[in-house]
Amino acid sequence: MEKRLVIGILAHVDAGKTTLSEALLYTAGARRTLGRVDHGDAFLDTDAIERERGITIFGKTALFSVKDVHITLVDTPGHVDFSSETERTLGVLDCAILVISGTDGVQSHTRTLARLLERYRVPVLVFVNKLDLAGADRERLLAELSDALPGCVDFAAPERDENAAMTDEAALEEYLTRGALSDDTLCALVRKRLLFPVFFGSALKLQGIDALLDALSRFAPAAVDEGAFGARVFKISRDAQGARLTWLRVTGGALRARTAIRYAVGGVSYEEKADQLRLYSGERFVPADELTAGMVAAVTGLTHTRPGQALGAALPTEEPTLEPVLTYQLMLPEGVDAHAALPRLRELEDEDPMLHLVWDERLRELHVRLMGPIQLEILQRLIHDRFGWDVRFGAGSIVYRETIAAPVIGRGHFEPLRHYAEVHLLLSPLPRGSGVRFASALGTDALALNWQRLIATHVFECAHLGTLVGAPVTDISFTLVAGRAHLKHTEGGDFRQATYRAIRQGLMKAEGVLLEPHYDFRMELPPECLGRAIADVQGMGGETDPPDTAGTLTLLTGHAPVAGLRSYAQTLSVYTRGAGRLSCALRGYEPCTDARAVIDAVGYDAQHDTEHPADSVFCTHGAGVTVPWQESDAWMHCESALQPDAPAEEDPPEQTRHTGSVHADESELQAIFERTYGKVERHAFAPTKPPARLPLSDAKYSVALRNDPEYLLVDGYNVIFAWEELKRLASVDISDARAALTGVLSNYQAFRDSRVILVFDAYKVKGNPGSVETVDGVKVVYTKEAQTADAYIERATYELRKERRVRVATSDSLEQVIILGHGATRISAAAFHAEVEAANGEIAALVERCNERNRLSNRLEHVAHISE
């Protein structure tokens, strides 16, 4: 069976990415001549703007073969302003070539690319370019790469296999047995992202190209055909005649020309024919009758597809993390009507969804979001070339976001005459970068599933605005805790109104937090200018890492607000007399340094924003009455399952139901397991030996411990892959990650006086009967074949919650619905991580107090001895 690979080529700007693409095509025999960027004849820089500027702006594909491997090379932009286009391609790649400049080394944008490749789990081969130039230090570059991508190995070194074997226990065993690693083993290590082969050379001089091509054919892993037809869309463009092209990669099955494809966008279903299947190489294409798994093509006839969309049986790609952080007013030339121009400009937004074209009716202005000034210049040129308009842009401003500081319940009711819907949502803050999430704590007996799905749709269908500056909210979880429909009068639009009002009321009640975008920066400057640079960064509200040396210059890295860094390159150039260099990459959003000044400057009035009402509408005396959001809670018709704003009782009622021992005995745990999975050997439930540690509940230490003993069930693999330190450990050895988590929970259990049950999925292990063992006082459950951890946790919460408080640590949204429905409470993996860290801090403080007491006692004994 022929092998197909989709290889992406990524780099920071000026690393020589396009030159490497040319070298690969020429050496593989796909081109007769070697194109050059500076000559304006590069094969993949097909657009006139790209050739003029000498940079890649639009992603392209090229086709070539090495031995019996058919490769589709996807070229991506290197400039940070076009990094969102790069991110959109990652979901369709089998492997990536990350290009590093030998003279510049690892840049801020390189680290951004490394993080994106990790997020999309893309295997990586590294090519260090321009090694023929002065200043390229092979050992220094390899050390920098190993910091950004742990597992980098020089594949030209004699000890290649030995170094590669150190990344995996099974590979090490093979190396010790055979003295070498097979190609299959090396390919498997690359697939798992344990190994990152590094090649050195010069693309311009064709040095190292043969070795890289050979590695692609031998070590780059190919995706498995998923069976049924599926495809992922990663780009929308238009050809010279204006035909809309949907760029996709087939993940399974086959797609024939003129085949009808069904798909949905925004809840609306479409069925359209894939008229023409085009295999592009550069600016030319050949039509294909059929596409099979692993092929990339541009398809005509699909009019509503979107980048990131899944077709057929394919799974959708991750939501993009890189978003524009600057917004500009787009000013049309005289005589061009904005309302007539907007539909045409939507073509550009169709091709780049991150543009976010918005018409502000109140200001009667058109606004567009961009990553930076280079993208602004390119957009200006595109509008001129495509529509003939010479547009101008106003001064750019920062794109802010908002979140909340603490959980709050928002309630919305919509009941004008012959309409009815009520929604209660728990709004909870999430860690930075989490985006917006939805979960339901309701069973279908409380609210039908179709209404719950509709509420989820309304949560995600638009950007909900915060109350500080009217910026979109992020890093918030919306959990449905109550809702009600009417058998006769509820329509779909009623739940939209109730959901929007519930969200808005919750945001009005909550303490808002203003977020601003930050850049990670890398600054090279003369040593005598370091103090000025650090002071400037701190004045912006940023942070710096300890400075380092870069030849004769000083290297300063850190992060700071985009507002301060966006024009700092010019400032740096002035006070360093042209010797300083600044590179930036988007980091994400952080709390705003001077929030009050920004809020005052924007002057947003949430109370009088009539387009986003927080008030509810109730029916009384046959007519709809609007009740202000401050008073509407008392009017609601159903009670929420959760009441986070209610004061906690000093003696929770649950405690009065505790009987006998604080913890259930071993027979109770065994009974739960056997009711779920059948009979097991009794030795698995042997009594736990007392831990060999001083009991921290001793009254003499005056530690405030919980007085409400509980059961804590932990979804093991869910937590491992949610905690970064365990996730990294699992990438090397999953058993080490399990042991580490067990140790952490053992300490937590002893300190918090709770009984921990750690549950691991073992349902894929053939013939596995399931087991329960006690490790350091923690009950560790391995589920049996064909049974999941979710099933055990569901049954255990149902059984244990009858007489004891039960919590479940998981971030699985479906599991959350089940456990909340059983009367247990849940804690997300991220929140549980914070709770464990807090416990560790208390333990450390306790130990320090004990040590201080011992030191004081020793000193007193010493003084007494002297006095004697």
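Residues numbered from 1 in each chain as written. Predicted model: local features only at pLDDT ≥ 70, side-chain atom pairs only at ≥ 80, totals over all residues. Heavy atoms only, no water.

J.: I'm lost on the overall build of the protein in this one. Help?
T.: Along the backbone of the protein there are 25 helices and 40 strands. Considering only residue pairs separated by 6 or more positions, the protein has 71% of its internal contacts joining residues 24 or more positions apart. As displayed, the protein offers around 40400 Å² of accessible surface, 51% of which is attributable to carbon and sulfur atoms. (Helix = DSSP H or I, 4+ residues; strand = E, 2+ residues; numbered from the N terminus. Contact = heavy atoms within 4.5 Å. Areas by Shrake-Rupley, 256 points an atom, 1.4 Å probe, with all protein chains shown as cover.)

J.: How do you make sense of the side chain of Asp 520 when you look at a structure like this?
T.: Residue position: Asp 520 is located in strand 28 (residues 512–525). Reaching out from Asp 520, the side chain makes a polar contact with the side chain of Arg 587 at a distance of 3.0 Å. Beyond its immediate stretch of four places on either side in the chain, Asp 520 contacts Ser 108, Arg 115, Gly 558, His 559, Ser 583, Cys 584, Ala 585 and Arg 587. (Polar contact = N/O pair within 3.5 Å; in protein donor to acceptor, adjacent residues only side chain to side chain.)

J.: How do you make sense of the packing of aromatic side chains when you look at a structure like this?
T.: Each aromatic ring pair is specified by the distance between its two centres and by the angle formed by the two planes. Across all of its chains, the model carries 14 aromatic pairs by this definition. Each member of the aromatic cluster is reached from another via a ring pair, and the members are Phe 155, Phe 199 and Phe 219. Taking NZ or CZ as reference, Arg 138 lies 4.1 Å from the ring centre of Phe 200, over its face. Taking the ring centre of Trp 247 as reference, the NZ or CZ of Lys 235 above it sits at 5.2 Å. (Phe/Tyr/Trp six-rings, centres within 6.5 Å; stacked < 30°, edge-to-face > 60°. Lys NZ or Arg CZ within 6 Å of the ring centre and 35° of its normal.)

J.: Please clarify how helix 14 (residues 530–540) should be interpreted in this entry.
T.: The α-helix advances 3.6 residues per turn, and as a result positions three or four apart in sequence lie on the same side. Those residues of helix 14 that fall on the buried side of the exposure criterion are Leu 530, Ala 533, Asp 536, Val 537 and Met 540. Buried residues along helix 14 cover an arc of 130° about the axis, so they all sit on one side. Opposite the buried face of helix 14, by more than 90 degrees, sit the exposed residues Gln 538 and Gly 539. In this fold, the buried residues of helix 14 make contact with strand 28, strand 29 (543–544), strand 31 (553–561), helix 15 (562–565) and helix 16 (568–575). After helix 14 finishes, the residue Gly 541 shows a positive phi value of roughly 95°. (Buried < 20%, exposed > 50% of the residue type's maximum accessible area, 1.4 Å probe, protein only. Arc of directions from axis to C-beta.)

J.: Where do I start with the nonpolar core in this structure?
T.: Side chains of a nonpolar character, in soluble globular proteins, are inclined to be buried together. In terms of nonpolar packing, the biggest core is built from 86 residues, with Leu 93, Leu 345, Val 368, Ile 383 and Met 523 touching the most fellow members. When residues in this core are grouped by element, the largest group, 7 residues, is from strand 28. Leave out the neighbours within four places in its chain, and Ile 383 touches Leu 330, Leu 345, Leu 348, Gly 388, Trp 389 and Val 391. (Core = buried A, V, L, I, M, F, W, Y, C linked by side-chain atoms within 4.5 Å.)

J.: Mind showing me how you'd approach the pattern of salt bridges here?
T.: Should their charged atoms come close, side chains of opposite charge can pair. Within this structure, the stated rule accounts for 44 salt bridges. Three or more residues are tied together by salt bridges with common partners; here these are Arg 238, Arg 244, Arg 306, Glu 347, Asp 350, Glu 351 and Arg 386. (Salt bridge = Lys/Arg side-chain N within 4 Å of Asp/Glu carboxyl O.)

J.: Would you mind showing me how to read the sheet that holds strand 38 (residues 778–782) here?
T.: Strand pairing within a sheet occurs via backbone hydrogen bonds; the two strands may be parallel or antiparallel. Taken in spatial order, the 6 strands make up an open sheet running 37-38-36-35-39-40, and their pairing is mixed. Pairing within the sheet leaves two strands with one partner each, and these edge strands are strand 37 (771–775) and strand 40 (825–827). The average angle at which neighbouring strand axes cross in this sheet is 25°, direction not considered. Pairing of strand 35 (residues 710–715) with strand 39 (residues 805–809), which is carried by 5 bridges, proceeds in the parallel orientation. Bridging from a neighbouring strand, Tyr 711 pairs with Val 806 of strand 39. (Pairing = 2+ DSSP bridges. Axes fitted to C-alpha atoms, helices over the stretch in contact; angles between N-to-C directions.)

J.: Just to check I follow, could you spell out the environment of Asp 68 for this structure?
T.: In this fold, Asp 68 is placed in the loop between strand 2 (60–66) and strand 3 (69–75). Once the C-alpha coordinates of Asp 68 and Glu 2 are considered, the two residues, 66 residues apart in sequence, prove to be 6.7 Å apart.

J.: Before we go on, may I ask you to explain the packing of helix 14 against helix 16 in this structure?
T.: Pairs of packed helices are described in terms of their axes, by the angle between the two and the distance that separates them. Contact pair helix 14 / helix 16: the axes reach a minimum separation of 12 Å and the direction vectors enclose 155°. The pairing of helix 14 with helix 16 is recorded here as roughly antiparallel in orientation. Remark: the crossing between helix 14 and helix 16 carries right-handed chirality. Along the contact surface, helix 14 presents Arg 532, Ala 533, Asp 536 and Met 540, while helix 16 presents Tyr 568, Thr 571 and Tyr 575. Of the residues belonging to the contact of helix 14 with helix 16, the class tally is 4 nonpolar, 1 polar and 2 charged. (Parallel < 35°, antiparallel > 145°, perpendicular 65-115°, else oblique. Left-handed = near helix turned anticlockwise from the far one by under 90°. Nonpolar A, V, L, I, M, F, W, Y, C, P; charged D, E, K, R; others polar.)

J.: Would you mind going over the confidence of the model for the protein with me for this structure?
T.: Detailed reading of predicted coordinates is not advised where the pLDDT is low. Of the residues in the protein, 86% reach a pLDDT of 70 or more, and the chain-wide mean stands at 83. In the predicted structure, residues 644–666 sits below a pLDDT of 50 and forms 28 contacts with residues beyond four places in sequence or in another chain. Ignoring residues within four places in sequence, the model shows residues 676–708, a span with pLDDT below 50, making 57 contacts including any to other chains. (pLDDT = per-residue confidence, 0-100.)

J.: What exactly am I supposed to notice about the sheet that holds strand 14 (residues 284–288) here?
T.: Strand order in the open sheet formed by 6 strands is 14-13-16-9-8-17, with antiparallel pairing between adjacent strands. Looking at strand neighbours, the two that pair on one side only are strand 14 and strand 17 (310–312), the edges of this open sheet. Strand after strand, the sheet turns through a mean of 40° between neighbouring axes, direction not considered. Relative to strand 16 (residues 296–300), strand 13 (residues 276–281) runs antiparallel, the two being bridged by 3 bridges. Bridge pairing in strand 16 links Arg 278 to Ala 298.

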